[in-house]
Amino acid sequence: CGLLRRFHALNRPDVEVGDVDFLLSLPRRPCRAMADAALVERILENLVYNAVSFTPAGGTVTLSLERTEGWAVLSVTDTGPGISPEDAPHLFERGFTTRAAAGGQGLGLAIVRECAESMGGSAGVGPAPGGGSRFEVRLPTV
């Protein structure tokens, strides 16, 4: 929880400069994961700034944490256009990008997956309730 609070506080001004609200949702009880703080921050940077790039002005990016059956689940949810069903299976592949024309190299989400797996976790994506996207990283709890 402390790491997410610090990340949110440090990055909120940069995220909100583009007229996107950056929200934080944490569990009431502390949640501790077996994780490397630097890798978690790298994951968060990739997920949050990716979400910001797809969220229109007036939208929202939410960083949240919950504890579920032995897992700390970090999620980044946005109110962007969502992900097409044909792209979803490829998003975490190194080199896959939907933004090649804008200079995207397809590395960010591959890095997220590699970092999560190096800590015994996983990364996934799905639709967000009400539209947009929800990226999740599961890390084992202590």
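Predicted, not measured: the structure shown is a model, and the values here were computed from it. (Residues numbered from 1 in each chain as written. Predicted model: local features only at pLDDT ≥ 70, side-chain atom pairs only at ≥ 80, totals over all residues. Heavy atoms only, no water.)

### Some thoughts on the pairing of strand β2 (residues 60-68)
Taken together, the five bridges between strand β1 (residues 21-25) and β2 define a ladder with parallel strand orientation. Residue pairing across strands places F22 opposite V61, the latter belonging to β2. Traced from β1 through helix α2 (residues 37-54) to β2, the parallel crossover comes out left-handed. Where β2 meets strand β3 (residues 71-78), eight bridges bridge the pair, whose relative direction is antiparallel. Considered in β3, the bridge of L65 is made with L74. (Pairing = 2+ DSSP bridges. Helix = DSSP H or I, 4+ residues; strand = E, 2+ residues; numbered from the N terminus. Right-handed = clockwise from strand over helix to strand, strands pointing away.)

### Concerning the packing of helix α1 (residues 2-16) against α2
One can describe the packing of α1 onto α2 by two numbers: an axis separation of 11 Å at closest approach and a directional angle of 35°. Like other packed secondary-structure pairs, α1 and α2 cross with a definite hand, here right-handed. For the pair α1 and α2, contact is made by L3, L4, F7, N11, D14 and V15 and by A37, V40, E41, L44, E45, V48, Y49 and V52, respectively. Residue composition of the contact of α1 with α2, grouped by class: 10 nonpolar, one polar and three charged. (Axes fitted to C-alpha atoms, helices over the stretch in contact; angles between N-to-C directions. Left-handed = near helix turned anticlockwise from the far one by under 90°. Contact = heavy atoms within 4.5 Å. Nonpolar A, V, L, I, M, F, W, Y, C, P; charged D, E, K, R; others polar.)

### Looking at the side chain of T77
Mapped onto the secondary structure, T77 falls in strand β3. Once residues lying within four places of it in the same chain are set aside, the contact partners of T77 are T60, V61, T62, A128, S133 and R134.

### Some thoughts on the pattern of salt bridges
In the structure shown here, the tally under the stated rule is five salt bridges. With a shortest N-O distance of 3.2 Å, R134 and E66 are connected by a salt bridge. Of this pair, R134 sits in strand β5 (residues 133-140) while E66 is found in strand β2, placing the two residues 68 residues apart along the sequence. For E66, a relative accessible area of 35% puts it in the partly exposed group. Each of E66, R134, E136 and R138 takes part in one network of salt bridges that share partners. (Salt bridge = Lys/Arg side-chain N within 4 Å of Asp/Glu carboxyl O. Buried < 20%, exposed > 50% of the residue type's maximum accessible area, 1.4 Å probe, protein only.)

### Here we look at the sheet that holds β3
In sheet architecture, strand pairing relies on hydrogen bonds along the backbone and comes in two forms, parallel and antiparallel. With mixed pairing, the five strands of this open sheet are ordered in space as β1-β2-β3-β5-β4. The open sheet is flanked by β1 and β4 (122-127), the only strands paired with a single partner. For this sheet the average axis-to-axis angle between neighbouring strands, irrespective of direction, equals 15°. Helix-sheet contacts for α1 involve β1, β2 and β3, and the interaxial angle to β1 is about 170°.

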